[in-house]
Amino acid sequence: VAVSLSTGSVEAAAAAWGGLAVVQGGGKITILKEVDLTVQLDALFRRSLHKLALDIARAHNADASTIAGIQQKWGDALYDKGEFDLAMAAYKETLHHLEPSYVLRRFLDAQRIHNLTSYLELLHEKGLASADHTTLLLNCYTKLKDVAKLDAFILRSGVPQAAAPRTAPSASASTLTPGGAAAGLKFDAETAVKVLRTAGYHRQALWVAEAAGQADWVLDILMEDLAAYDDALALLEKLPRAHRAFALKRMGQALVTSRPEATTKALMELCCPPAILDSSAQHSQDKGTSFTASVSDFAHLYTRTPTALMLLCEFILNTTASSVSPVSDPQHTSLANEATLYHTLLELYLMEHLVDQEPLGDQQAPGAPSPLEPGQQQQEQQQSKQQS
């Protein structure tokens, strides 16, 4: 119904003068003109006729902003009635026009986590999500304990499917670097890794870190969360020498404690000029390949295993003494470290007793968190409470 009014007898009606001319008895003429679209919509909103308002706006080829405004008002009306699913469907039609925080605040207050999750998923699909949105969505998944949806979101967002089933890192040295880029991911990788680690979803965090090409994040998860020392050592072998040395300085204590032989072997390679161990490296001009570390940077790692430190120093001295030359060590790095090596060895030789503590093996290094998944952690906590 376009208009409702009382008239006398109508003799004729015709389009004229930009409206509808109605000729009544006695020669009276009434001109009916269509009001502006905004006025029509306001009248329909007052009567809660949002669907009709939407149809009329589309019939007038209204712009996208006007359509989104109608959807917002419709969503607000449905929300006030408690029809949250229908309200969310309306709010989803306002993307690119309505600030997402408006919708998120409404559903946070109502604690409608399923509706909130679906809206956040849509933001990520459309590329409109910020780091805060990623944090909120991952928190929704973890609160719902919906591992299937969490895994699906990670895979859908650019993590290679080949990486997902794995616990150990599979990337090569060319993709795992100190500042690897996460160009293929559809969310903020650093935020995702932090949220997943905090929530106890360590394997999912590992997938994201690997897909982002961030070797340091992968090492942190393997060492601190999963206690996967063999996997950490395998990854270190793929990294450039300088990066490998930096990583061992930072977290080598746990590796020396749990895997003393393998870690000491890795340090032997780092502390000797590469040309000594590999003749093919003599002609290399790559600074990352020719890097030689100093034993003094790693001596603090051997507080539990002084005998291993003594063997490390002896190996480096014996190797470099017979092999160093201007060609293999043009910067005289090994000669510069020789005094430090002799000083360290002298201190070790003068010690009355050299006692190595037993390696932890597959146990965790001191201070390392439990590698259990969230459900397993809760079960262990309940059992300990019952025993106490």
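Structure's up top.
Heads up: these notes are all about the structure in this document. Just so you know, these numbers come straight off a predicted model, no measurement behind them.

Definitions and limits used
- Residues numbered from 1 in each chain as written.
- Predicted model: local features only at pLDDT ≥ 70, side-chain atom pairs only at ≥ 80, totals over all residues.
- Heavy atoms only, no water.
- Helix = DSSP H or I, 4+ residues; strand = E, 2+ residues; numbered from the N terminus.
- Buried < 20%, exposed > 50% of the residue type's maximum accessible area, 1.4 Å probe, protein only.
- Polar contact = N/O pair within 3.5 Å; in protein donor to acceptor, adjacent residues only side chain to side chain.
- Contact = heavy atoms within 4.5 Å.
- Pairing = 2+ DSSP bridges.
- Axes fitted to C-alpha atoms, helices over the stretch in contact; angles between N-to-C directions.
- Phe/Tyr/Trp six-rings, centres within 6.5 Å; stacked < 30°, edge-to-face > 60°.
- Expected span 1.5 Å × (residues − 1).
- Arc of directions from axis to C-beta.
- Parallel < 35°, antiparallel > 145°, perpendicular 65-115°, else oblique.
- Left-handed = near helix turned anticlockwise from the far one by under 90°.
- Nonpolar A, V, L, I, M, F, W, Y, C, P; charged D, E, K, R; others polar.
- Salt bridge = Lys/Arg side-chain N within 4 Å of Asp/Glu carboxyl O.

Take the side chain of Asp76 next. Tracing the sequence through the fold places Asp76 in helix H3 (residues 64–80). With a relative accessible area of 17%, Asp76 lands in the buried category. Here Tyr102 takes part through its side chain, which lies 2.9 Å from a polar atom of the side chain of Asp76. Apart from residues no more than four positions distant in its own chain, Asp76 is found in contact with Tyr91, Tyr102 and Arg106.

Let us now look at the pairing of strand E2 (residues 19–24). The pairing of strand E1 (residues 10–16) with E2 spans 6 bridges and is classified as antiparallel. From the neighbouring strand, Ala15 faces E2, where its bridge partner is Leu20. Bridging between E2 and strand E3 (residues 29–32) involves 4 bridges; their strand directions are antiparallel. Considered in E3, the bridge of Val22 is made with Thr30. Taking the residues that link successive antiparallel strands as the turn, the E2-E3 hairpin has 4 residues, and the phi of Gly26 there is positive, at about 85°.

Bringing the sheet that holds E1 into the picture now. In space, the 3 strands of this open sheet follow the order E1-E2-E3, with antiparallel pairing throughout. Among the strands making up the open sheet, the edge pair consists of E1 and E3. Between one strand axis and the next, the sheet turns through 20° on average, direction left out of account.

Let's shift gears to the packing of aromatic side chains. Under the counting rule described, the total for this entry stands at 7 aromatic pairs. With 5.6 Å between their ring centres and 75° between their planes, Tyr79 and Phe107 make a pair best called edge-to-face. Here Phe107 lies in helix H5 (residues 100–109) and Tyr79 lies in helix H3, a separation of 28 residues in the sequence. Note on Tyr91 and Tyr102: the rings are 6.3 Å apart at their centroids and 75° apart in plane angle, and the pair reads as edge-to-face. Here the residue Tyr91 occupies a position in helix H4 (residues 84–92), and Tyr102 occupies one in helix H5, the gap between them amounting to 11 residues. A relative accessible area of 24% places Tyr102 in the partly exposed class. Each member of the aromatic cluster is reached from another via a ring pair, and the members are Tyr79, Phe84, Tyr91, Tyr102 and Phe107.

With that settled, consider H3. The end-to-end C-alpha distance of H3, which contains 17 residues, comes to 24 Å, matching closely the 24 Å that a straight helix rising 1.5 Å per residue would cover. Among the residues making up H3, those that are buried are Ile67, Ala68, Ile70, Gln71, Gly75, Asp76, Leu78 and Tyr79. Looking at the buried positions of H3, the neighbouring elements they touch are helix H1 (37–46), helix H2 (50–59), H4 and H5. Backbone geometry just after H3 places Gly82 at a positive phi near 85°.

Summarising the element assignment, Thr319 is placed in helix H17 (residues 306–323). Look at Thr319 and you get buried, because its relative accessible area is 15%.

This paragraph deals with H2. Those residues of H2 that fall on the buried side of the exposure criterion are His50, Ala53, Leu54, Ile56 and Ala57. Looking down the long axis of H2, one finds its buried residues gathered within 165° of arc, a one-sided arrangement. The inward-facing, buried residues of H2 contact H1 and H3. Within two residues after H2, Asn61 carries a phi angle of roughly 55°, on the positive side.

Here the focus is the packing of helix H12 (residues 229–238) against helix H13 (residues 241–258). Packing of H12 against H13 brings their axes to within 11 Å, and their N-to-C directions diverge by 155°. Considering their axes alone, H12 and H13 lie roughly antiparallel with respect to each other. Relative to H13, H12 is oriented so that their crossing is left-handed. Contacts from Tyr229, Ala232, Leu233, Leu236 and Glu237 in H12 reach Arg244, Ala247, Leu248, Ala254, Leu255 and Ser258 in H13. When its residues are assigned to classes, the contact of H12 with H13 shows 8 nonpolar, 1 polar and 2 charged.

So, about the environment of Leu137. Here Leu137 is to be found in helix H7 (residues 131–144). What makes Leu137 buried here is its relative accessible area of 0%. The residues contacting Leu137, other than those within four sequence positions of it, are Thr117, Leu120, Glu121, His124 and Phe153.

The phi dihedral of Ser48 falls on the positive side, at around 60°, and the residue is not glycine. As for its placement among the helices and strands, Ser48 is situated in the loop between H1 and H2. In this structure, His96 is a non-glycine residue whose phi angle is positive, near 80°. Looking at the element boundaries, His96 is found in the loop between H4 and H5.

The geometry of helix H6 (residues 113–125) relative to H7 is characterised by a closest axis approach of 10 Å and an angle of 140° between their N-to-C directions. Overall, the two elements H6 and H7 adopt an arrangement that is oblique. As for how H6 packs across H7, the hand of that crossing is left-handed. Of H7, the residues touching H6 (which contributes Ile113, His114, Leu116, Thr117, Leu120, Glu121, Leu123 and His124) are His133, Thr134, Leu136, Leu137, Cys140, Tyr141, Lys143 and Leu144. Across the contact of H6 with H7, the residue classes break down as 9 nonpolar, 5 polar and 2 charged.

Turning next to the pattern of salt bridges. Counted according to the given criterion, the structure contains 12 salt bridges. Residues Asp55 and Lys51 are paired through a salt bridge, measuring 3.0 Å at the closest nitrogen-oxygen approach. Within this pair, Asp55 and its partner Lys51 are both found in helix H2, separated by 4 residues, close to a single helical turn. Since its relative accessible area comes to 34%, Asp55 is described here as partly exposed. For Lys51, a relative accessible area of 45% corresponds to the partly exposed category. One salt bridge connects Glu190 with Lys194, and the closest N-O pair in it is separated by 3.6 Å. Of the two residues, Glu190 and Lys194 are both situated in helix H9 (residues 189–199); the distance of 4 residues between them amounts to about one turn of the helix.

So yeah, pure geometry; function would need other evidence.
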